[in-house]
Amino acid sequence: MPDATFAALPTTIFEEMSGLARAHGAINLGQGFPDDPGPEALRRKAAEAVLDGYNQYPPMAGLPELRAAVAAHYHRTQGLTFDPTTEVVVTSGATEALAAAFLALIEPGDEVIVFQPLYDAYLPLIRRAGGIPKLISLSPPHWRFTGAMIEAAITPKTRFLVLNTPVNPTGAVVPDEDLSLLAEICVAHDLIAICDEVWEQVVFSPAVHRPLLTYPGMAGRCVKIGSAGKMFGLTGWKVGFICAAAPLARLLAKAHQFLTFTTPPNLQVAVAFGLETLDDWWTTMPVSLAASQQRLASTLEAEGFSVLPSQGTYFINVDLAASGVTMADRDFALLAVREAGVATIPVSALYETDPVTTILRLCFAKSDATLDEGARRLAKARDLASQTLAGRSI
Ligand code: PMP
Ligand code: GLN
């Protein structure tokens, strides 16, 4: 039984790799954040909101104008209908939304189905809430699950399933047939789905994001979590949203009120403004990111790396084993940041058990020059790795 206390936990791989990137002056293709400063109109709106007086506690569940803008946005973009007054809660990032969902809903001993590789906040939060994670391991290159894998993990104590799509770190967008299967399983076993959809707008055509909440029987049993940080490429803003049927949203708001209580009102004003006015953004942003993804993928391929398909998020993955790197991903990532000047994320860090150790995640939300140099440095790291291994074998 893993230790549920925070003292037993390592520092997150994102912080570790960004720290090493700073220490070594490396290009940071690790932690997922764009190097573009983000939409100027939104940043101006936030600055004006600070200067013009939105600086005191806003309502606990969020500013009414932001809750209305979130509901309208999801209606426009995903055909969903939420009542902004009872079904939308604003949180301090998706991370707080996840914490609120786990703390509000999990009773000690409840089992929670989770897929790995996973976003690293899930397991500590589930365990601190008294839950028991039941891990399902997915493998490259397609990272698909089957009904049998999920059924095998379900027991009479299973009450929740956590679904992240589009998926960090794999870049997969869970396809329609897999979502139908999950919905059937949730209904058959009376499970609540915690749906981490922070990457919902960062999806590359022809892939399409579909919320699990739209599948038969799911509307009352889904907690849909979004993040303005990901929507607008302003990852430090930490403005998140919970959308759920009123009884669930009411419970989650009770957890939120004792976590952060509110979220900075000036940023809420700016996010509402962005959702209401940046109409072009939802098409231009993914097109521009898809071009960056292509650029990094083709530059890496030209350097002899094998790149896995990615349909969304800021991330592509390199198959190290198929790229002539025999070192395990973490060792290679440490060598790359220290000796070749490029930070990445070893995907094994996002497994708790039986890690896949041959995959490296790279963030492509960067300028072309940074991506080109990053790929060159990764090739240098591969040369250094083979020299290191050759040296050792003598
Ligand atoms: N879930 C996933 C899958 C993520 O990738 C992230 C951030 N990268 C979060 C949650 C947290 O989002 P936020 O920064 O809004 O807390
Ligand atoms: N979600 C971001 C990523 O995957 C990192 C978030 C964090 O640093 N906690 O890179």
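Above this text you will find the structure in question.
In this report, the structure presented in the accompanying data block is examined. (Residues numbered from 1 in each chain as written. Chains lettered and ligands numbered in written order. Predicted model: local features only at pLDDT ≥ 70, side-chain atom pairs only at ≥ 80, totals over all residues. Heavy atoms only, no water.)

Attention shifts here to the nonpolar core. Formed by 144 residues in total, the largest nonpolar core has its most connected members in Ile194, Leu212 and Phe232. Among the elements that make up this core, the one with the highest residue count is helix α4 (residues 93-105) (9 residues). Setting aside residues no more than four positions away along its own chain, Ile194 makes contact with Leu98, Ala101, Phe102, Leu105, Phe160, Leu161, Val162, Leu163, Val223 and Ile225. (Core = buried A, V, L, I, M, F, W, Y, C linked by side-chain atoms within 4.5 Å. Buried < 20%, exposed > 50% of the residue type's maximum accessible area, 1.4 Å probe, protein only. Helix = DSSP H or I, 4+ residues; strand = E, 2+ residues; numbered from the N terminus. Contact = heavy atoms within 4.5 Å.)

Turning our attention to the packing of aromatic side chains. Applying the stated rule across the entire model yields 11 aromatic pairs. When the centroid spacing of 4.7 Å and the interplanar angle of 75° are considered together, the rings of Trp199 and Tyr314 count as edge-to-face. Of this pair, Trp199 sits in the loop between β6 (192-196) and β7 (222-227) while Tyr314 is found in the loop between β9 (306-307) and β10 (315-319), placing the two residues 115 residues apart along the sequence. Exposure remark for Tyr314: the relative accessible area of 2% places this residue in the buried category. Of the aromatic side chains, those joined through ring pairs into one cluster are Phe14, Tyr119 and Tyr122. The lysine or arginine in question, Lys224, covers the ring of Tyr74, its NZ or CZ lying 4.3 Å from the ring centre. In this structure, Arg361 packs its charged tip against the face of Phe315, placed 3.4 Å from the ring centre. (Phe/Tyr/Trp six-rings, centres within 6.5 Å; stacked < 30°, edge-to-face > 60°. Lys NZ or Arg CZ within 6 Å of the ring centre and 35° of its normal.)

This part is about the site of ligand 1. In the region of ligand 1, the neighbouring residues are Gly93, Ala94, Thr95, Tyr119, Asn164, Asn168, Asp196, Val198, Trp199, Ser227, Lys230 and Lys238. Asp196 places a polar side-chain atom, nitrogen or oxygen, 2.6 Å from a nitrogen atom of ligand 1. Under a 2 Å grid-point criterion requiring more than half of the atoms, the pocket assigned to ligand 1 is the second largest pocket. At 3 residues, α4 tops the list of elements feeding residues into the shell around ligand 1. Residues that form the shell around ligand 1 fall into these classes: 4 nonpolar, 5 polar and 3 charged. (Near = heavy atom within 4 Å. Polar contact = N/O pair within 3.5 Å; in protein donor to acceptor, adjacent residues only side chain to side chain. 1 Å grid on protein atoms, 1.4 Å probe; cavity = no way out; pocket = protein on both sides within 12 Å on 5 of 7 lines; lining within 4 Å. Sits in = over half its atoms within 2 Å of the grid points. Nonpolar A, V, L, I, M, F, W, Y, C, P; charged D, E, K, R; others polar.)

Moving on, we come to the pattern of salt bridges. Going through the model one piece at a time under the given rule, you end up with 14 salt bridges. Between Asp178 and Arg144 there is a salt bridge, with the nearest N and O atoms lying 2.7 Å from each other. Residue Asp178 is located in helix α7 (residues 176-188), and its partner Arg144 is located in the loop between β4 (132-137) and α6 (147-153); the two are separated by 34 residues in the primary sequence. Accessibility expressed as a relative area gives 40% for Arg144, which makes it partly exposed. Between Lys224 and Glu197 there is a salt bridge whose closest N-O contact spans 2.4 Å. In this pair, Lys224 is assigned in strand β7 and Glu197 in the loop between β6 and β7, connecting sequence segments 27 residues apart. (Salt bridge = Lys/Arg side-chain N within 4 Å of Asp/Glu carboxyl O.)

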